[in-house]
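# Residue-level structure breakdown
Residue-level listing of the chains:
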Amino acid sequence: MSPAVGESLSAEHTVAVGGIGHLDRLAERGLVKSSALPAGHVGSPPSGLDRGRWAEVLGFDPGTAAGWRAAGIDPKAGVTFVVDARLVADGEPVPVLLLKVTDRDALLRGIERAVGVRPTIRTEDGVEVLTLRGEAVLFGRKGEWTAVLLAVGGQRARARSAFGGFLADSSPPLSGATAWRSVFADGRGAVDLFAYVGVRSLGRLWVAADGPAGAGAEFDFFAERFPSFGVSMTRAGGAAVRLTATDEGRSALRQMLQPKRAPPRFSRYLPPQGWAGIRLSVNVTEVFEGLAALVPPTASPDFKSKLALDKAAMAAAVGVQWDAIGKAFPGHMVFMTNQATLAETKADPLDGEWAVMLAAGDAAASDALVGSLVAKANASDPGLLVPTALAGARGWRVDLGPKALVAVRDRDVWLLGDESVVARLVAPRKHRPSRVATRALDGADVAFGFWADLQQLLEEWKADPVAPNAFGKRAWRRFAKEPGVSLTWRLDRGGLVAGLDSALPLQEFATMVASWSAAPALLEAINQAKTHEARINMRRLYEASVAYYHQDRVGPDGTPLLRAFPPSVPLTPAADRCATGDHAYAPDAAPWQHRGWRALNFSVDDPHYYRYEFISSGTGRDAMFTARAVGDLDCDGVYSTFERTGTIDAEDNVTGGVGLRVVNELE
């Protein structure tokens, strides 16, 4: 069941959507449940995010539906963030927050209780403006939802008209689009957490934000094959990540990711404990054709032909036809390592315990291909590779100082690695491989798989009271019996879908983590939006500095002046806003009358959070400047800095170094 918010959004213009439903359940699972956990343990919420503290700050109990309703918000609908291709200001997308407000007066009272000031509301051209401590917030009705424009400063004014169009839009809804419904087709029941990206609309946004020429056509090309990407988590059906694909897209994916033969049973070689690794499947026979099918028309005309040449060149290097390579090795491979020796492997790839496994398609063909490669190696270095056998598996051995590497074929699998490790892997064994690892290693529809044994983590958690409290005793017993986790990307009729497999209650764990991080994440999103002010103004100052330098100027006597940048200007405004409160600087023309700012034709005419400085020196080839924005968004005494610099190159052009320099972006 797809999220209900799709009924109020445009199928044509919606770029991305992300939301969390059932806010009361989110708070109850995380903040409330975790309040009983011992402080300082893994799984405890960050300091101050306990139930009592949130009730004190918010003025209601966030762990109950009644609490949210008393605050005027529908907890079941939750909150949703939307990016619309029409909402672009200064080359940046401006997101919108959607929530269902059931009682506006109750919400306003809650805001007043939290900040000590009651907001005022007025309506302008169909858009409502809420003002609080000098800050203005644009919002309005969008179907059953209240839409809030997450814009700051001048960006807010420049996005106002587009926001009005967003609110009034009555074009076909996103809920009717196949791309939207397909993303949420894997779960059962209502979706609680979700994210969605529409590829075609993403292209429109790219173009609207001054993207490169031809970008829209490229996005349209890929949208015809892969219309959408999304993540969903339901209470009953678990989590899924999906890349949707049309018939053309699925055909290309099969050519690239679905070998002609099913994979062997790789799991039979997996040691009983402590190993992790990845499985990758590539359709060796047709991978180049699949890649060629995904080359957009805007690409170089020679690109597809180059793929064909690369295929021929690789076959020539091996000395056999490409089809023979695909017959010998269809494309299933596994890379695995003993997690206890990972540090040694990072220091030197030949150290530690690791192994590579390759599926052998036709045994005779793979033996012949490997034999021809061995013959070539021995022709250039006689005796380099010698025959060997390990537990009935036959192949080749090479001495590398204190170690020996082997490559042996055991029935339908070639194993490569340190001789002692491979010998243990091919030896007869009695243990049954892990279920979660088996799914990743042996699944016929798996294009990519990852698995890890979590036995070490289990040992660390055994004495910790958090684990059974956080996950439930039944789930904890399952985890103790099979401590592993796997992630697989599978190719099916809908495209590519990723799934997690573990005895841990992954959904509940993810919900708890989301609840603990929801407030900091929202604050970070708000601060991130505020940084657009500094980024935009740094670009304005850089462009104005370049234009000023290249202007011809003369002195009072008419003598041409050497080229230079405008005179330096100290931090403007002079006062730090945090000294008098945490609201934005009010618009004021007076501070921008300095001759340096006038030379740059620069001023900030909207409420703003940053102070600006311009430092220049030298003339001609020695001229240089630094433009700087300094701010303290949360008034904690820690400042962020945004800088652009300019110098003169040998051709008398202004160069900007490495571009924008940012220090402590969000403090």
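Parameters at a glance
- Residues numbered from 1 in each chain as written.
- Predicted model: local features only at pLDDT ≥ 70, side-chain atom pairs only at ≥ 80, totals over all residues.
- Heavy atoms only, no water.
- Helix = DSSP H or I, 4+ residues; strand = E, 2+ residues; numbered from the N terminus.
- Buried < 20%, exposed > 50% of the residue type's maximum accessible area, 1.4 Å probe, protein only.
- Contact = heavy atoms within 4.5 Å.
- Salt bridge = Lys/Arg side-chain N within 4 Å of Asp/Glu carboxyl O.
- 1 Å grid on protein atoms, 1.4 Å probe; cavity = no way out; pocket = protein on both sides within 12 Å on 5 of 7 lines; lining within 4 Å.
- Points joined across faces, edges and corners; volume = space filled by probe spheres on them.
- Nonpolar A, V, L, I, M, F, W, Y, C, P; charged D, E, K, R; others polar.
- Disulfide = S-S within 2.5 Å.
- Axes fitted to C-alpha atoms, helices over the stretch in contact; angles between N-to-C directions.
- Parallel < 35°, antiparallel > 145°, perpendicular 65-115°, else oblique.
- Phe/Tyr/Trp six-rings, centres within 6.5 Å; stacked < 30°, edge-to-face > 60°.
- Lys NZ or Arg CZ within 6 Å of the ring centre and 35° of its normal.
- Patch = residues over 30% accessible without salt bridge, like charges linked within 9 Å, V, L, I, M, F, W, Y side chains within 5 Å.
- Areas by Shrake-Rupley, 256 points an atom, 1.4 Å probe, with all protein chains shown as cover.
- Polar contact = N/O pair within 3.5 Å; in protein donor to acceptor, adjacent residues only side chain to side chain.
- pLDDT = per-residue confidence, 0-100.
- Pairing = 2+ DSSP bridges.

Turning to the overall build of the chain, a few remarks are in order. Counting its secondary structure elements, the chain contains 21 helices and 28 strands. Evaluated residue by residue, the chain yields a buried proportion of 47% over its 667 residues. Residue pairs at least 24 apart in sequence account for 65% of intrachain contacts in the chain once pairs closer than 6 positions are excluded.

To continue, consider the pattern of salt bridges. Taken as a whole and assessed by the stated rule, the structure comprises 27 salt bridges. Here Glu-248 and Arg-225 are joined by a salt bridge, their closest N and O atoms 3.2 Å apart. On the criterion of sequence distance, the pair formed by Glu-248 in helix α9 (residues 247-257) and Arg-225 in the loop between α8 (215-223) and β11 (228-234) is long-range, its members being 23 residues apart. Classification of Arg-225 as buried rests on a relative accessible area of 10%. Each of Glu-613, Arg-628, Glu-643 and Arg-661 takes part in a single network of salt bridges with overlapping partners.

A few words now on the layout of surface pockets. By rolling a water-sized probe across the atoms, one finds the places where empty space is left. Estimated volume of the second largest pocket: approximately 460 Å³. Every residue lining the second largest pocket is counted, 21 residues in all, and those nearest its centre are Phe-329, Leu-358, Leu-369, Val-370 and Leu-373. Elements represented by at least two residues in the lining of the second largest pocket include exactly α11 (302-318), α12 (322-328), β15 (354-359), α14 (363-380), β17 (393-400), β18 (403-410) and β19 (413-418). Tallied by class, the residues present in the lining of the second largest pocket amount to 21 nonpolar, no polar and no charged.

The tally for this structure, following the rule as stated, stands at one disulfide. Note on cysteine connectivity: Cys-578 is disulfide-linked to Cys-635, with sulfurs 2.1 Å apart. Across the disulfide from Cys-578 to Cys-635, rotation about the S-S bond amounts to roughly -80 degrees, and the bridge is consequently left-handed. Taken as a pair, Cys-578 in the loop between β23 (569-572) and α21 (595-600) and Cys-635 in the loop between β25 (624-631) and β26 (640-648) lie far apart in primary sequence, 57 residues in all.

So, on to the packing of helix α7 (residues 199-208) against α8. For any two helices packed against each other, one specifies the crossing angle of their axes together with the interaxial distance. It is at 8 Å that the axes of α7 and α8 come closest, and there the two elements cross at 175 degrees. One finds that α7 runs roughly antiparallel with respect to α8. Together, Val-199, Arg-200, Leu-202, Gly-203, Trp-206 and Val-207 of α7 and Ala-215, Gly-216, Phe-219, Asp-220, Phe-222 and Ala-223 of α8 make up the contact between the two elements. A class-by-class count of the residues in the contact of α7 with α8 yields eight nonpolar, two polar and two charged.

Let us look at helix α16 (residues 435-442). Along α16, the residues classified as buried are Val-436, Ala-437, Ala-440, Leu-441 and Asp-442. Buried residues along α16 sit in contact with β13 (275-281), β14 (332-338), β20 (446-453), β21 (484-492) and β22 (495-502).

Turning to the packing of aromatic side chains, a few remarks are in order. Under the definition given, this model contains 18 aromatic pairs. Seen in terms of ring centroids, Tyr-542 and Phe-625 are 6.0 Å apart; in terms of plane orientation they differ by 50 degrees. Their pairing is tilted. Within this pair, whereas Tyr-542 is found in helix α20 (residues 506-549), its partner Phe-625 is found in strand β25, the two being separated by 83 residues in sequence. Measuring from centroid to centroid gives 5.6 Å for Tyr-610 and Phe-642, while their planes differ by 90 degrees, and the two rings are edge-to-face. One end of the pair, Tyr-610, is in strand β24 (residues 610-617); the other, Phe-642, is in strand β26, and 32 residues separate them in sequence. The exposure classification of Tyr-610 matches that of Phe-642, with both residues buried. Clustering of aromatic rings is evident, with ring pairs tying together Tyr-542, Tyr-549, Phe-565, Phe-614 and Phe-625. In this arrangement the basic side chain of Lys-100 is found over the ring face of Trp-145, its NZ or CZ atom lying 5.1 Å from the centre. The ring of Phe-166 carries the charged tip of Lys-142 above its face, separated from the ring centre by 4.7 Å.

Attention shifts here to a nonpolar patch on the surface. There is a patch of nonpolar side chains on the surface, built from Ile-278, Leu-280, Phe-335 and Phe-450 and spanning about 280 Å² of accessible area. Its place among the elements puts Leu-280 in strand β13.

As for its position among the elements, Phe-194 is in strand β10 (residues 191-198). Under the relative-accessibility criterion, Phe-194 is labelled buried at 10%. In this structure, the C-alpha to C-alpha distance between Phe-194 and Gly-230, residues 36 residues apart in sequence, is 7.3 Å. Discounting chain neighbours no more than four positions away, the residues touching Phe-194 are Pro-3, Val-5, Val-17, Gly-18, Gly-19, Thr-80, Trp-180, Phe-184, Val-231 and Ser-232.

What follows concerns unusual backbone geometry. Between Thr-572 and the following residue, Pro-573, the backbone shows a cis peptide bond with an omega angle of -5 degrees. Considering the arrangement of structural elements, one finds Pro-573 in the loop between β23 and α21. In this structure, Asn-601 is a non-glycine residue whose phi angle is positive, near 55 degrees. On the secondary structure map, Asn-601 appears in the loop between α21 and β24. With phi around 65 degrees, Asp-652 is a residue other than glycine that occupies positive phi space. Within the secondary structure, Asp-652 sits in the loop between β26 and β27 (654-655). With relative accessibility at 24%, the residue Asp-652 sits in the partly exposed group.

The next thing to look at is the side chain of Ser-267. With respect to the helices and strands, the residue Ser-267 is situated in the loop between α9 and β13. Its relative accessible area of 2% is what places Ser-267 among the buried residues.

Further remarks concern the environment of Asp-103. Following the sequence through the fold, Asp-103 ends up in the loop between β5 (96-99) and α4 (104-115). It is 8.1 Å that separates the C-alpha atoms of Asp-103 and Ala-70, two residues lying 33 residues apart in sequence. Within the local environment of Asp-103, its side chain forms a polar contact with the backbone nitrogen of Ala-106, the two atoms lying 3.0 Å apart.

Our focus in this paragraph is the side chain of Ser-228. The residue Ser-228 is located in strand β11 in this model. Here the side chain of Ser-228 touches Ala-179 through a polar contact of 2.9 Å, landing on its backbone oxygen. Leaving out residues up to four positions away in the same chain, Ser-228 has contacts with Ala-179, Val-183, Tyr-196, Val-197, Val-199, Arg-242, Leu-243 and Thr-244.

A few words now on the confidence of the model for the chain. In the predicted model, the chain carries a mean pLDDT of 83, and the fraction of residues at 70 or more is 85%. Every residue in residues 31-49 is under pLDDT 50, and counting partners more than four places away or in other chains gives 41 contacts.

Next up on the list: the pairing of β21. Where β20 and β21 come together, seven bridges link them in antiparallel fashion. Bridge pairing in β21 links Trp-451 to Ser-486. What sits between β21 and β22 in their antiparallel hairpin is a turn of two residues.

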